[in-house]
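# A closer look at the structure
Spelled out from the first residue to the last, the chains are:
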Amino acid sequence: MTPSIDPERRFSLNFGFPVPGAERVPDGWQLSWRGCAVMGILNVTPDSFSDGGQHATLAAALAQARALLEAGALVLDIGGESTRPGAEPVDAATELDRVLPIIRALSGWNAVLSIDTLKPEVARAALDAGAHLVNDVSGLGAEMRQVCASLGAAACIMHMQGEPRSMQHRPQYGDVVAEVFGFLRERAAQARAAGVPSVLLDPGFGFGKTLAHNLALLRALEELTREPDPVLIGASRKKFIGTLSGVDLPSERDAGSLAAHLDAARRGAAMVRVHDVSMTVQALRVQAAVL
Ligand code: HH2
């Protein structure tokens, strides 16, 4: 396969406030990088599908944050509510109790921090506590756009059909690629109009999608990555990786996840969201050199 996309392509995200590693630009601060970067997953939940309960104490979460950064993560994505298929929602107070102590502690670390939440009030409090980016798996609705715009935060807009509790029951699309990419383009335009400084776009692997839907989106990724907004991909340890590889245990799906992430990077993804940062950074470096 000949890569259609420059592996050294420069990507950037703009912010309305200073962000570690970002440069001052006329209308704010710009974080930029070359080639596919890595977002490390830091779930502080009891029930996430692969790492639930592993970072329950502040000390354990900070140790994991340090390990992810040392392994080469550009961004840490902190989540206090599992959105795995079948997950029960948690209230904002519970989610905030989980994420605020770690965000406050990490805000002195010179690291780019993302808050993975569906709730505007959690996003606002996390940004006030030191987070820089909002990762919203529900696609950045009007209230979340307002929070990001008013505080100058960049955002990740992810596509999900339905809601976590029931999204994998019977996902259905006419044309999955047109519908998902169309949704992301529309929400990106709405975010820009509302004043959100920058967006990442994410097709949302496994969020109301069958194996065939996930594969169709990955195969068509260049349609989205050819456009200016950077694209984020999150396949790490997901069910479809297990189905394709025949591996049951999520924690043993890193090699299969890596195959999907390398393919996404080759198709122009700007960032991959992963559990195993070290393995991913190593492989991306080799792939970029070879390309
Ligand atoms: N996947 C998960 C959570 N947040 N955010 C984006 N932008 N893209 C994703 O693919 C994505 C996401 C689910 O994975 P994980 O955080 O490992 O599990 P859980 O939701 O059970 O905490």
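Rules used in this analysis
- Residues numbered from 1 in each chain as written.
- Predicted model: local features only at pLDDT ≥ 70, side-chain atom pairs only at ≥ 80, totals over all residues.
- Heavy atoms only, no water.
- Near = heavy atom within 4 Å.
- Polar contact = N/O pair within 3.5 Å; in protein donor to acceptor, adjacent residues only side chain to side chain.
- Nonpolar A, V, L, I, M, F, W, Y, C, P; charged D, E, K, R; others polar.
- Pairing = 2+ DSSP bridges.
- Helix = DSSP H or I, 4+ residues; strand = E, 2+ residues; numbered from the N terminus.
- Contact = heavy atoms within 4.5 Å.
- Axes fitted to C-alpha atoms, helices over the stretch in contact; angles between N-to-C directions.
- Buried < 20%, exposed > 50% of the residue type's maximum accessible area, 1.4 Å probe, protein only.
- Core = buried A, V, L, I, M, F, W, Y, C linked by side-chain atoms within 4.5 Å.
- Phe/Tyr/Trp six-rings, centres within 6.5 Å; stacked < 30°, edge-to-face > 60°.
- Salt bridge = Lys/Arg side-chain N within 4 Å of Asp/Glu carboxyl O.

So, about the site of the ligand. The environment of the ligand is made up of 18 residues, and the closest members are Ser48, Ser82, Thr83, Asp202 and Lys238. Take glycine 234: an N or O atom from its main chain is 3.3 Å from an oxygen atom of the ligand. Within the side chain of arginine 273, an N or O atom sits 2.8 Å from an oxygen atom of the ligand. A class-by-class count of the residues in the shell around the ligand yields six nonpolar, seven polar and five charged.

With that out of the way, let us pick up the sheet that holds strand E8 (residues 154-158). In space, the eight strands of this open sheet follow the order E9-E8-E7-E6-E5-E4-E11-E10, with parallel pairing throughout. Either end of the sheet is taken by a strand with one partner, and the two such strands are strand E9 (199-202) and strand E10 (232-233). Where strand E4 (residues 37-43) and strand E11 (residues 271-274) come together, four bridges link them in parallel fashion. Looking across to E11, one finds that alanine 37 is bridged to methionine 271. Running at roughly 175° to E4, helix H10 (residues 277-290) makes contact with E4 and E11 of the sheet.

Most of E4 sits inside the fold, with seven of its seven residues counted as buried. Alternating residues of E4 divide into Ala37, Met39, Ile41 and Asn43 and Val38, Gly40 and Leu42, and every residue in both groups is buried. Sheet topology note: the E4/strand E5 (residues 75-79) ladder contains five bridges and is parallel. Looking at the pairing, glycine 40 lines up with leucine 76 of E5.

Counting residues in each nonpolar core, the largest one holds 89 residues, and the members touching the most others are Ile78 and Ile103. Those residues in contact with isoleucine 103 that lie beyond four places of it in its chain are Ile78, Leu113, Ile115, Ala126, Ala129, Gly130 and Ala131. Residues Val137, Met158, Met160 and Met167 belong to the second largest nonpolar core, which totals five residues.

A word on the packing of aromatic side chains. Counting across every chain of the model gives three aromatic pairs. Considering the side-chain rings of phenylalanine 11 and tryptophan 33, the 6.1 Å spacing of their centres and the 35° angle between planes classify their relative orientation as tilted. In this pair, phenylalanine 11 is assigned in strand E1 (residues 10-15) and tryptophan 33 in strand E3 (residues 28-34), connecting sequence segments 22 residues apart. With 6.0 Å between their ring centres and 55° between their planes, phenylalanine 15 and phenylalanine 17 make a pair best called tilted.

Here the focus is the pattern of salt bridges. Per the counting criterion, the structure on display carries 12 salt bridges. For aspartate 229, the salt bridge identified is with arginine 192, shortest N-O distance 3.0 Å. Of this pair, aspartate 229 sits in the loop between helix H7 (221-225) and E10 while arginine 192 is found in helix H5 (residues 176-194), placing the two residues 37 residues apart along the sequence. Relative accessible area serves as the criterion here: at 47%, arginine 192 is assigned to the partly exposed category. Salt-bridge contacts for arginine 237 lead to aspartate 254; the nearest nitrogen and oxygen are separated by 2.9 Å.

Moving on, we get to the environment of alanine 155. Along the polypeptide, alanine 155 turns up in strand E8. Given the relative accessible area of 1%, alanine 155 is considered buried. Note: C-alpha distance between alanine 155 and leucine 133 (22 residues apart in sequence) is 5.4 Å.

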